[in-house]
Number of protein chains: 4
Amino acid sequence: MHGTIRAKMKKVIESVWRANLKLNEAGLTPLTWGNASQIDRARGLIAIKPSGVTYEKIKKEDIVLTDTSGTIIASRLRPSSDLASHLALYHAFPSVGAVVHTHSAFATAFAQACLPVPCLGTTHADYSPCPIHVTDPMTPSQIRTDYERHTGEMIVKKIRQLKLVTTQCPFILAAQHGPFAWGKDAAEAVENAIVLEYLCKMAFVTYVMKGKLKSIPQVLIDKHFFRKHGIHAYYGQQKVKGRFKIS
Amino acid sequence: MHGTIRAKMKKVIESVWRANLKLNEAGLTPLTWGNASQIDRARGLIAIKPSGVTYEKIKKEDIVLTDTSGTIIASRLRPSSDLASHLALYHAFPSVGAVVHTHSAFATAFAQACLPVPCLGTTHADYSPCPIHVTDPMTPSQIRTDYERHTGEMIVKKIRQLKLVTTQCPFILAAQHGPFAWGKDAAEAVENAIVLEYLCKMAFVTYVMKGKLKSIPQVLIDKHFFRKHGIHAYYGQQKVKGRFKIS
Amino acid sequence: MHGTIRAKMKKVIESVWRANLKLNEAGLTPLTWGNASQIDRARGLIAIKPSGVTYEKIKKEDIVLTDTSGTIIASRLRPSSDLASHLALYHAFPSVGAVVHTHSAFATAFAQACLPVPCLGTTHADYSPCPIHVTDPMTPSQIRTDYERHTGEMIVKKIRQLKLVTTQCPFILAAQHGPFAWGKDAAEAVENAIVLEYLCKMAFVTYVMKGKLKSIPQVLIDKHFFRKHGIHAYYGQQKVKGRFKIS
Amino acid sequence: MHGTIRAKMKKVIESVWRANLKLNEAGLTPLTWGNASQIDRARGLIAIKPSGVTYEKIKKEDIVLTDTSGTIIASRLRPSSDLASHLALYHAFPSVGAVVHTHSAFATAFAQACLPVPCLGTTHADYSPCPIHVTDPMTPSQIRTDYERHTGEMIVKKIRQLKLVTTQCPFILAAQHGPFAWGKDAAEAVENAIVLEYLCKMAFVTYVMKGKLKSIPQVLIDKHFFRKHGIHAYYGQQKVKGRFKIS
């Protein structure tokens, strides 16, 4: 029976497996840090990296399946200890199809500094018209009990509070902790995690040279974001119908 | 007929294809960012990277041909969305044979900071006797309509305003956006893009250590530039007759 | 007889050999710098890198065995000149099973600046609930006589003075010199050396962006450290019984 | 006859060829920048990199031989345009057996900032008991005529002025230009060039964190330098008889 479920989830498992390899290849996740997951909303199943396994050793069979409450299904390993953070995002936002968490160096340093990054240039605007936001710090009781769930919920809270749309705000920094990114599938979530790290690296250099972090004009942000995303997009090879369909 | 045109443009297509691979290999263009093109002025044709295609997947057949108005010729994919920026440079400067645009980290950060870089050392002078200039920011209407063409025209405007010669000023930073470089062919344009990123990285370290960005003396700039370029050049293996003939 | 002893120590020799390769692969030890050792407490023997040998050339046969006084046993090469520093740690702390010393760039720079690093984020807390401490500078007479032994003893002194537990404080910076890390075996000591370098790199960026180095709350430190270490750990695949059993 | 001379110089040619490959591999010389040479004092011949040739394409046959006046001998390519700088060092210092010049990023940035680097830690002291010095800027007439020879002579002048011994001071920064390193043979000169870049990178981080560049005590410098160099050295595998015999 395990075999049947895993067979049905073959594509999602492979997508998550590839995403985890890609994360490591891109240098975002030293050692066993970080994790990627993807949800199959029709089946109510999530595929996620196993906890504490070295990237070069992860096989497709190691990818863990759980239901949307986090119960392990048809898997022999334990899921990433950050599963509950991913679940909070899946529960809150139907458009989130995959979640990635890393400790990539520059993004984590900005999370440590609790410093949001405005849109400093068109590289940022190509991926998001919003700043890189930072969640509020958690209370001691949120940390002590259900810490991973609360980590996810602080992200949800910040996105709701600012009335952000997750397809337009594809990443955030968890205060004192590190970056989270998402997308329609694991490949897109990984791409957003790569972009987030790159934007923070450039923000660092920009800040050192300029002494401040100042947003570019809204009209330029909109131009770049909407030439790549949404119904008027003209970047890439395929007709773009919905938001975030980047070819 | 498509085959005939592409056969005639074989060398230029291959030059552009190699340049795009090299850009990625040099780490200047994460993901699908950046693009290289080359013009065949005799034929009035331009070869350019297709839009939104991953570097490791680009084949020679994917390189797009257009005429000098930007109309696609004998190609199955859409050209880079930055084509109009490249065209503006080809139209304005007969000596520009190829154009490269990247989002390389340090150069983009300087473009975000809108910070020109004077000639800080002989590494810079070996490639250009001019500072790395930054274009003026665009007006909202320039951004809203024909944005990519205006991006190129702001570069043209800055070069003309400062009476620069494109063979002596082989790169520029588009304000709030990122670096552009050019050369007699795509290989040279890529080399200039690599140099630009390297100069910005060193300018960053120099600025942190010195607290300012100060040009070296003109006599030293001239010595280095003209030992490599122009009729009195003595660097490299081949007789140098025209400017920018680096062996 | 040499063969017999080395045969019995085969696993430890292999562990040290792999650790030295890994150190170099991780970019922590340019040229011939740095060294890793591991102790077999039952046999009273230590396996350590030979002095001044290039990493790519080290063979298992080159790994040097010594007794706990530092006398060479069944080996044809001289041990690392830092052996006496390792011995001081093995003598003082029964829980230290392996020691690693590197000149990794960011950690060494913090050692040069004599700057301790508080726990700035959860990446740090995942590995240690303590700051990265710096030893006191040595006196001229400590430097002149038995310098390497004194280097180790200054580490021991600092750990005792602060009443630290070596399984909770797996690394330190030797003032004006560079980083030392340890663990239950050479693989774990190398992992801690990698983490130490990464934490210092992120501390550098955090400091530049924030203007200070400020610890995260103790409750968050404890949460992260104890979900990975100790009897209540729930990170990784294996039952965690003792401290520092990371799967 | 060409063949005979090159056959006699086979080992030196190979040493220079390997050194140039290693320079590039170590990331110190982007594109065609930088060069390494070695002198055979008995034969009065120098082997040096050809000018403007890409590193991955250099073959042993391309290495240029010259006599000590710089006249090309038994070679088909032109020597590096920096040959005269190398010659100045060979003429002044009998103990210099090889010279390396690079544009490695951090060392070049310090040369651009005209900033000497005191001995900030033991990594530096392991290679030199002296600061990293910077030459004085050249006069316009020195730049205009025999520029490369004057570049070398400004290095000689600085070393003599400070009464430095070239075996103890294995590198320097040419003001507004970049780093030079030397050694008994090309391999050692390359090692010193790698160390110089690494020291400047760490000096950058140390300066940012500490706000100043301050030397460690002389007693610690001497301890580290003389445990590796000179008659009392005890680092490495071989008996050390002369200075700079690092095994």
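Details of the structure are given in the entry above.
Please read these numbers as outputs of a predicted model, since none were measured by experiment. (Residues numbered from 1 in each chain as written. Chains lettered and ligands numbered in written order. Predicted model: local features only at pLDDT ≥ 70, side-chain atom pairs only at ≥ 80, totals over all residues. Heavy atoms only, no water.)

A. Spatial organisation of the overall build of chain A. What chain A contains, in helices and strands, is 9 helices and 7 strands. Its C-alpha atoms give chain A a radius of gyration of 18 Å, within 12% of the compact-globule value 18 Å for 247 residues. Projected onto the principal axes, the alpha-carbon positions of chain A cover approximately 55 × 45 × 35 Å. Buried residues in chain A amount to 65% of all 247 residues. Expressed as a percentage of contacts within chain A between residues at least 6 apart in sequence, the contacts between residues at least 24 apart total 62%. On chain A, roughly 9,100 Å² of surface is accessible, and the fraction owed to carbon and sulfur atoms is 55%. Looking at chain A, you have 32 positive and 18 negative side-chain charges, and the mean spots of the two groups are 5 Å apart. (Helix = DSSP H or I, 4+ residues; strand = E, 2+ residues; numbered from the N terminus. Rg over C-alpha atoms; globule rule 2.2 N^0.38 Å. Buried < 20%, exposed > 50% of the residue type's maximum accessible area, 1.4 Å probe, protein only. Contact = heavy atoms within 4.5 Å. Areas by Shrake-Rupley, 256 points an atom, 1.4 Å probe, with all protein chains shown as cover. Lys, Arg positive; Asp, Glu negative; His and termini not counted. Charge placed at Lys NZ, Arg CZ, Asp CG, Glu CD.)

B. The interface of chain D and chain C, seen in detail. At the interface, 32 residues of chain D touch 35 residues of chain C. Between chain D and chain C, a total of about 3,100 Å² is buried, with carbon and sulfur atoms accounting for 60% of that surface. When the area that chain D buries against chain C is broken down by residue, the three leading residues are Tyr198, Met209 and Gln237 of chain D, summing to 23%. Taken together, chain D and chain C are joined by 2 salt bridges. With a shortest N-O distance of 3.4 Å, Arg227 of chain D and Asp82 of chain C are connected by a salt bridge. Seen at the junction of chain D and chain C, the total is 15 residue pairs in polar contact (both at pLDDT 80 or more). Of all the elements in the fold, those that place two or more residues in the side of chain D that touches chain C are α5 (122–125), α8 (186–210) and α9 (218–228) of chain D. (Buried area = accessible area lost by both parts, 1.4 Å probe. Salt bridge = Lys/Arg side-chain N within 4 Å of Asp/Glu carboxyl O. Polar contact = N/O pair within 3.5 Å; in protein donor to acceptor, adjacent residues only side chain to side chain.)

C. View of the sheet that holds strand β3 (residues 64–67) of chain D. Residue and element names in this part refer to chain D. Pairing is antiparallel across the open sheet formed by 7 strands, whose spatial order is β4-β3-β2-β1-β5-β7-β6. Edge strands, defined here as strands with exactly one partner in the open sheet, are β4 (72–73) and β6 (171–174). Looking at chain direction, β6 and strand β7 (residues 178–183) are connected through 4 bridges and run antiparallel. Residue pairing across strands places Ile172 opposite Phe180, the latter belonging to β7. Together, β1 (35–40), β2 (45–48), β3, β5 (98–101) and β7 form the strand contacts of helix α3 (residues 83–92), whose direction differs from that of β1 by roughly 40 degrees. (Pairing = 2+ DSSP bridges. Axes fitted to C-alpha atoms, helices over the stretch in contact; angles between N-to-C directions.)

D. Layout of the interface of chain A and chain C. Residue-level contacts link 35 residues of chain A with 32 residues of chain C. Of the roughly 3,100 Å² buried between chain A and chain C on both sides combined, carbon and sulfur atoms contribute 60%. For the pair chain A and chain C, the number of links is 2 salt bridges. In this structure, Arg227 of chain C engages Glu148 of chain A in a salt bridge whose closest nitrogen and oxygen atoms are separated by 2.6 Å. At the surface where chain A touches chain C, the tally comes to 15 residue pairs in polar contact (both at pLDDT 80 or more). Contributing elements (two or more residues each) for the side of chain A that touches chain C: α4 (105–112), α6 (140–144), α7 (147–161) and α8 (186–210) of chain A.

E. Representation of the relation of the copies chain D and chain C within the structure. If you rotate chain D by 90 degrees and push it 0.0 Å along the axis, it lands on chain C with an RMSD of 0.0 Å. The symmetry that links the two subunits is that of a four-fold axis. Using C-alpha coordinates, one finds that chain D approaches the rotation axis most closely at Val208 of chain D, a distance of 5.5 Å. Mapped onto chain C, only 6% of the interface residues of chain D again fall at the interface, so the copies present different surfaces. (Least-squares fit on C-alpha atoms with pLDDT ≥ 70 in both.)

F. Focus on the side chain of Gln142 of chain C. All names here are of chain C. The topology assignment puts Gln142 in helix α6 (residues 140–144). A distance of 2.9 Å separates the side chain of Gln142 from the backbone nitrogen of Thr139, its partner in a polar contact. Leave out the neighbours within four places in its chain, and Gln142 touches Tyr147, His150 and Met154.

G. Representation of the relation of the copies chain A and chain C within the structure. For these two chains of identical sequence, chain A goes onto chain C by a turn of 90 degrees and a shift of 0.0 Å along the axis, with RMSD 0.0 Å. In this assembly the copies use different faces: only 6% of the residues contributing to the interface of chain A also contribute to that of chain C.

H. Representation of unusual backbone geometry in the model. Residue and element names in this part refer to chain B. The phi torsion at Gln176 lies on the positive side, around 65 degrees, for a residue other than glycine. Turning to its location among the elements, Gln176 is positioned in the loop between β6 (171–174) and β7 (178–183). Under the relative-accessibility criterion, Gln176 is labelled buried at 15%.

I. How the structure looks around the packing of helix α2 (residues 10–25) of chain C against helix α8 (residues 186–210) of chain C. Residue and element names in this part refer to chain C. At a minimum axis distance of 8 Å, the contact between α2 and α8 shows a crossing angle of 15 degrees. With respect to their mutual orientation, α2 and α8 come out roughly parallel. Both α2 and α8 take part in a crossing whose hand is right-handed. Along the contact surface, α2 presents Ser15, Val16, Ala19, Lys22 and Leu23, while α8 presents Ala186, Val190, Ala193 and Ile194. Tallied by class, the residues present in the contact of α2 with α8 amount to 7 nonpolar, 1 polar and 1 charged. (Parallel < 35°, antiparallel > 145°, perpendicular 65-115°, else oblique. Left-handed = near helix turned anticlockwise from the far one by under 90°. Nonpolar A, V, L, I, M, F, W, Y, C, P; charged D, E, K, R; others polar.)

J. Layout of the packing of aromatic side chains. This model, assessed by the stated rule, comprises 20 aromatic pairs over all chains. Ring pairs connect the aromatic residues Phe106 and Phe204 of chain A, Phe106 and Phe204 of chain B, Phe106 and Phe204 of chain C together with Phe106 and Phe204 of chain D, which therefore count as one cluster. Sitting over the ring of Tyr55 of chain B, Lys49 of chain B keeps its end group 4.9 Å from the ring centre. (Phe/Tyr/Trp six-rings, centres within 6.5 Å; stacked < 30°, edge-to-face > 60°. Lys NZ or Arg CZ within 6 Å of the ring centre and 35° of its normal.)

K. Seen up close, α3 of chain D. All names here are of chain D. In terms of burial, α3 is a largely internal element, 8 of the 10 residues being buried. Among all positions in α3, only Leu83, Ser85, His86, Leu87, Ala88, Leu89, Tyr90 and Ala92 are buried. On its buried side, α3 packs onto β1, β2, β3, β5, α7 (147–161) and β7.

L. Layout of the arrangement of the chains. Looking at chain B next to chain C, you find no contact at all, with the nearest C-alpha pair sitting 11 Å apart. Nowhere do chain A and chain D come into contact; their C-alpha atoms are at least 11 Å apart.

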